[in-house]
Structure formats: C-alpha cells, structure tokens
Amino acid sequence: MAIKKSRYTITSALPYANGPVHIGHLAGVYIPADIYARYLRLKGEEVLFIGGSDEHGVPITIKAKNENTTPQAIVDRYHAIIKKSFEELGISFDIYSRTSNPIHHETAADFFTKLFNEGKLIAKISQQYYDEEANQFLADRYITGTCPFCNNEQAYGDQCEACGTSLNATDLINPKSALSGNIPVLKETKHWYLPLDQYESWLKEWILKGHKEDWKSNVYGQCKSWIEQGLQPRAVTRDLDWGVKVPLKEAEGKVLYVWFDAPIGYISATKEWAQEHHQDWEKWWKAEDTQLVHFIGKDNIVFHCIIFPCMLKAEGSYIFPDNVPANEFLNLENDKISTSRNWAVWLHEYLEEFKDKQDVLRYTLTTIAPETKDSDFTWTDFQAKNNNELLAIFGNLVNRTVVLTHKYYEGIIPEHGEYSDYEKEIIAKIAEFPKIIGDSIEKYRFREALAEFMNLARVGNKYLTDTEPWKKQKENPEAVKTILHLSLQICASLSVLGEPFLPFTSRKLQKMLNINVHNWEAGGRTDLLKAGDPINQPEYLFEKIEDTTVEAQVRKLEEAKTQNLINRNNVQPAKEDVTYDDFQKMDIRICTVLAAEKVTKTKKLLKLKVDTGIDQRDIVSGIAEYYEPEHLIGKQVLMLINLAPKEIKGVASHGMVLMAENSNGELTLVQPDKAVKSGSIVK
RNA sequence: GGCGGGGUAGCUCAGUUGGUUAGAGCGUCGGAUUCAUAACCCGGAGGUCACGAGUUCAACUCUCGUUCCCGCCA
C-alpha cells in the first residue's frame, strides 16, 4: 500500500576530508541534491538536507603522517575549506556537520552498542599484521611489499598501484611496515562483524521486488549482483586509533570501521540540527511518511543500498531509502579526475577565480551531469554554455525585455490589453512548465529539467521576435503594452522556476523585477507582476566569458599534468635559463678511455686515463658500482675537460665524465652515436 | 578474472513495452531581423545507433559472441 510521503530527508555523500571538493563531486552529488532540495522546499514540502565531512579512516592518518601533523589538523583544514566552498556555491544544506563531532561519536557508538547488546553482531578472531616496534596493528595501506603478480616492490597491502590488482596484505612478498620499516608479524585480533548474509531474503524482497521499476538501472543492477552472489559478514571494527572508539572494554585500541560510522553521520547530523532548532530528530529517520533519499556517486552504491540499510534493519527502528539516485563519474578534459594527480577543477579555486559566477558552474555541471553514463567537462564547453545558452537565451531575453520596458515606459510595468489567441496559447504553455520541470526533477532527471527550464526562456524569445514590439511601438502602442507585460511575466516565471538550478541568478532577477516569490506553482502564473509597479534598472544576468579566460584554465591544467609527470618519474624540475655564453664556457669533448683501475680502499671510485685529443690525463669517476674497469677501456665518453682539477682520495682528477642518472641514482655512460675522433667538441 | 553500467550526429546527451524517412541542445552552413551582451527567430546539412552473428515480416531496441571505457568485488 502506497503511503503519501510528506517529508523528505535528503542526504548527500559525506565528502572525505583529505582534500577539497572538485567538480566531479558537484556534478555527481551536491548539485543534483541541492536542486532536489530547493525544488521540494519551493513546493512547500518539509525538507531536511544533510551534508557533512567524513573525517575518519586510514587515508587521513597516512596523510597526517606524511605531512608530519595530526589527523585532526588535516580534517580541520579540509572541513573548513569544504564547508565554506559549499556555502558559497549555494548548496543549501540545512546542516553541514562532521564526523569528528562528539555528537557523532556518541551516536555511532550507541548504534554499535545497540546492535551488540541485541546480538546482531558476531565476533571473529583473525590474523593481522602487527608492527612490534610501533606497537600497533597495521592497516593494509600501512604495509608495503612486492606484488606477487607484477613484482612491483612498492605495492600496498590493499592494492598494487603498478598493475592495479587488489591484494590482501598477506599476499605481499617481503611485507614491510610503513611505520617503522620493520617486518610485521601476524598476530591474532578480535573484530565484530555485521552478518549481511542474514538479511539476504529481506534485501531480495525490498530491493529486487520492491524497487525494480523506480531505481536507476546502474543502482538496481549492482544491488542485484551483490545480493544474488551471496553476501558475507562484514567487519565493522578496525585496529586503529583514529575514529569512533568501539564502546567495549575488550576493544581497547579499536575503532569503528569508517564505512560503519560514516553513514551514521547522516543521523548524527540530523540530531545536531534538531538540537539547534529545538526539534524532534526521529521523525526524519523513523516516520513512515518520511521519504529518505541518498545522493551519491556510483562508487558508493553498495554502502547505501545494501550495507547501510542492513545496519538500519538490524537496529530495527529506522526507515529505508526510497531511492538512491547514484550518478556515474565526471571526467575532466578527457581524463579521469584525480585528487592525487591534481587533475581537477577545485571548487574553492573556481569560486576565487570566477567571482559571482556560481550559477555558471551550477548550470554547466547540471547540463553534463553523469546521470546515465560517465561524462566529460571541458573548459571550452563551459564557455559555450555560458555564452551561447545562459547569456544568449536566458540573459538576453531578460535584458531585451527590461531594456524595452525602460525605454517605452520608464520602468513601469504596462497594463495588458485583450490577449490574442496566440498570446493565450503562450499563457497556457507557461502554465505547464511547473509540472513539466517538476516531473523531471521528481524522476531525478535534472538535465532534462534544466533543458525544459531553458525552453521557457525560448518561448519568451520567440514571442518577442514574433510580435516585434520595436516595430509596433509607432503604429500600435497599445499592443506593445500587452507584449511587454506578458514578456515581463515570463521573466518573472523564470525567476521562480530557475531557483533550484540558478539560485543566485533568480535572486538577482527578482530584485530587478521587484518581486519576492518563492512558490513553485506560482512559476506557471502570468500575474506575478502588477501593472503600474516599477521595476529596477537592467543588469546583465551573465557576462561573456572570453577565450583568454578559459585558455588560462586549460594552461593551469596542463601545468598540473607536467608537475605530475615530474613527480611520478621523480625527475628534477628544469633549472634556470642560462645564456649561450654560459654554455660556451663548458669545454665538453669526446674522449677515449685508455686505462681504468679501481681507486684502492674505495667502493665507488675508478681512476681513468683518457685521451682528450689534446693530452692524456687522469680523472676520477664515481662509477665503480656500475662498470668493471676492463669494460671501459676503448670506450668513448663525454667529458667536461675544463672542470678545475681536484684531488679525490689522493688522486688528482682533471675533468669529469658525464653520466646520466636515473631516479634511483643509477649511473650510465653517455656515448656518441657514431665513433668520432678523440677531442671532438660537444656543442 | 567475476559482476554491474555504458559505448547513438563534430560536441553534450534523449530514445518509453521491437514498427512508417533515429530525436534535442550546442557547433556548422544558409535565410530573416535589429529591441537585445553580433545575441534572438526561421531553415538546411551531419548518424552502416562500438563490431560480428542470430531470432523476427520488422531490431538502436531481444539473444549470443567480440571489443573499448567506468565502477564494484576477488
């Protein structure tokens, strides 16, 4: 039996606080969620829109260690950046919380305790790697070793980044602790598990039968495969010191696994909000007439569709998500977005560099939102969406209407006369838009919804072009009054219906029109403006974005790419420019090795006798680890022969053999492609 | 490797239960226009619907195989 839902709890995936938010997060999760929340509020629904930072887990502890600081310092830094940038983009969270808050620790611990006390968890003892020097168990990420598949020596305990294979820490050959460098030992440890397998039949009923029609195919398909393959108990605790402490005496030094505590973050955020607003939190999570919707990316499907619901089911008093409209992924300029590779457009940087252009980003990302498949953001596309759509269609309609109103009526809204049949058709069309756009939003088809919104602006442009008020003003000024009256009403509708997508522009437009309407259904009316009321001076809603602006952004990305290559290959950055004269001071020549012997009592040094074409001289070179002396005789090498003489380990050296050094510090000779005469100059 | 999702015009994407000449926006080309940030409005061109086989009177749509991309898991 269908229950009429009258209250909406909307959650958006908690961004992980080890980096700022980028456009991929926005297009996939936060902008769709915000549109949905804003729309429902305009409809007069009861809405709670929840966000917050996910601040636990191993990667944060690793980052803290790498930066020689504390996990708390890391999460404080990113939580602040993320929270501020969401606010500035107009993501209308009712609360943006964080999982390091005491209320969250308490809520998550209580949740665990309830499951524990009711026997909903099972305990198991397993073998885990332990670092005896650091005195702690090692997370998979804290163990490195040789990958059994590709022999990469830098593989992590959970994955080899060279060949991409997922691993167990115990698979690694020669495992080493990242904390101390020591060889870890296997040690017994006790953990608690949520027996997902016990919920299989319930999941089948609830998802496979209950949501076959209304969940997106990517979401449903993934759930189906998980459920049908058979679920395994999943550990809910971890040996780690950063996170929510497991509230059991016997669990000293253990925390809740981050996937267990993070979704509870939605609940604790609700409690926090309720406390601040002196309201009841429980109806948002327990009332049958509350609709719970999780906005997430596709990597999070199983957590929100299977694991978290099982937690809620185990607890027993909660409702389950009505829908989990997971999006696919957004690429950037044809390449995967990556925080570690710095291949991203960071929200906080965008807001700095594109002042007052929040809606341009919101618009662009909505039109390319990866609703059904991965999509791609490019800066030229961004520019085109602004210049050819927002500005040309929406901005231009408002501008031409407002300019004409000022030109003909000094900014006073004119009376309309009798509407023609054509105008009646337009009025009827406008009336349909709240439903057309709303239907798309309710089906989580935000791209389509926004396209429909733009169609309303097109209706306005066509109306003006068809009726040509600038021609009629002389012969039939009465008709022009009607035309501009109706055109202004269309602008008013746009200001109402645009609010979920373009909140800043809507506000600006309403200010220009001197109205303050926040009611979705009113967006279909053509009496929002009253004849005789004044409107304000025209202002551009959007500004043209020039080629140079987007070119600069592309350049910035290219620089990130170059920097990345340097980092990855461990290549030295380029040195300062030198003049040709500087270069000419170097006397570099091809010389032939005549004799070679080891310098006694040294490991690295060879003494070479070389023919420079000018003379024969001795030089000392640190290549004994890479070349046998007898191997070098007769070889041609590059030499800097005017390097000031220096005595090394008792041997006078009159020059330097030039070598190539790779990132491991290994040396190799550089030789001419063809044999040349000794003494040939290198230039 | 197993599983899930996806590969449709230059670009970003729609295509409902298989059915007449496969759609939209942007770009492009042409026309019309000048109120408007050279914007708006009208029209045209552009697709062997990843590839190969099969089922069918009929397949972008169903089945099988191949291939590429993304995700989840091992």
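Model, not experiment: these values are computed from the prediction. (Residues numbered from 1 in each chain as written. Chains lettered and ligands numbered in written order. Predicted model: local features only at pLDDT ≥ 70, side-chain atom pairs only at ≥ 80, totals over all residues. Heavy atoms only, no water.)

A. Up close: the sheet that holds strand E8 (residues 173-177). Across the sheet, which stays open at both edges, the three strands sit in the order E7-E6-E8 with antiparallel pairing between neighbours. On the outer flanks of this sheet lie strand E7 (155-156) and E8, each paired with one strand and no other. Where strand E6 (residues 143-146) lies against E7, two bridges are found, and the strand directions are antiparallel. Looking at the pairing, Thr144 lines up with Tyr156 of E7. (Pairing = 2+ DSSP bridges. Helix = DSSP H or I, 4+ residues; strand = E, 2+ residues; numbered from the N terminus.)

B. Representation of the protein's contact with RNA strand B in the model. Surveying the vicinity of RNA strand B reveals 41 residues, the closest of which are Lys298, Thr372, Ser375, Arg400 and Arg447. Within 4 Å of the protein, the contacting atoms of RNA strand B are 80% sugar and phosphate, with bases supplying the remainder. At a separation of 3.1 Å, a phosphate oxygen of RNA strand B approaches a polar side-chain atom of Lys336. Between RNA strand B and Lys544, the relevant distance is 3.3 Å, taken from a phosphate oxygen to a side-chain nitrogen or oxygen of the residue. Residue contributions to the surface near RNA strand B peak at eleven residues, all from helix H12 (residues 379-409). Partitioned by chemical class, the residues of the surface near RNA strand B number twelve nonpolar, 15 polar and 14 charged. (Near = heavy atom within 4 Å. Polar contact = N/O pair within 3.5 Å; in protein donor to acceptor, adjacent residues only side chain to side chain. Nonpolar A, V, L, I, M, F, W, Y, C, P; charged D, E, K, R; others polar.)

C. Spatial organisation of the side chain of Thr61. If you trace the backbone, Thr61 turns up in helix H2 (residues 58-66). Only 2.6 Å separates the side chain of Thr61 from the backbone oxygen of Val58, close enough to count as a polar contact. For Thr61, the contacting residues outside a window of four places in its chain are Pro71, Tyr142 and Trp242. (Contact = heavy atoms within 4.5 Å.)

D. Expanded view of a nonpolar patch on the surface. Together, Tyr580, Phe583 and Met586 give the surface a local cluster of nonpolar side chains, amounting to about 310 Å² of exposed area. With respect to the helices, strands and loops of the structure, Met586 is situated in the loop between helix H19 (580-584) and strand E17 (588-598). (Patch = residues over 30% accessible without salt bridge, like charges linked within 9 Å, V, L, I, M, F, W, Y side chains within 5 Å. Areas by Shrake-Rupley, 256 points an atom, 1.4 Å probe, with all protein chains shown as cover. Salt bridge = Lys/Arg side-chain N within 4 Å of Asp/Glu carboxyl O.)

E. Region of interest: the confidence of the model for chain A. On average, residues of chain A score 89 in pLDDT, and 95% of them reach the 70 mark or higher. Interface confidence for the predicted complex, expressed as ipTM, amounts to 0.92; the pTM equals 0.84. (pLDDT = per-residue confidence, 0-100.)

F. Layout of the side chain of His79. If you trace the backbone, His79 turns up in helix H3 (residues 71-89). A residue is classified by how much of its surface remains accessible, and His79, at 8% relative accessible area, is buried. In contact with His79, other than residues within four places in its own chain, are Ser53, Glu55, Tyr96, Ser97 and Arg98. (Buried < 20%, exposed > 50% of the residue type's maximum accessible area, 1.4 Å probe, protein only.)

G. Structural context of the pairing of strand E4 (residues 122-131). Relative to strand E9 (residues 185-194), E4 runs antiparallel, the two sharing nine bridges. Bridging from a neighbouring strand, Ile122 pairs with Tyr193 of E9. The sheet contact formed by E4 and strand E5 (residues 136-137) spans two bridges and is antiparallel. In the strand pairing of E5, Tyr130 is matched with Phe137. Two successive antiparallel strands, E4 and E5, enclose a turn made up of four residues, where Asn135 displays a positive phi of approximately 65°.

H. Structural context of the environment of Ala169. As for its placement among the helices and strands, Ala169 is situated in the loop between E7 and E8. In the structure, Ala169 is positioned 13 residues away from Tyr156 in sequence and 7.5 Å away in space, judged by C-alpha atoms. If we skip the residues at most four places from it in the chain, Ala169 touches Tyr129, Asp140, Ile143 and Gly157.

I. Structural context of unusual backbone geometry. Residue Tyr444 is not a glycine yet carries a positive backbone phi of 60°. Locating Tyr444 in the fold gives a position in the loop between helix H13 (421-442) and helix H14 (446-467). You can call Tyr444 buried: its relative accessible area is 11%. The backbone of Glu468 shows a phi angle near 45°, a positive value even though the residue is not glycine. As for its placement among the helices and strands, Glu468 is situated in the loop between H14 and helix H15 (469-475). For Glu468, a relative accessible area of 27% corresponds to the partly exposed category.

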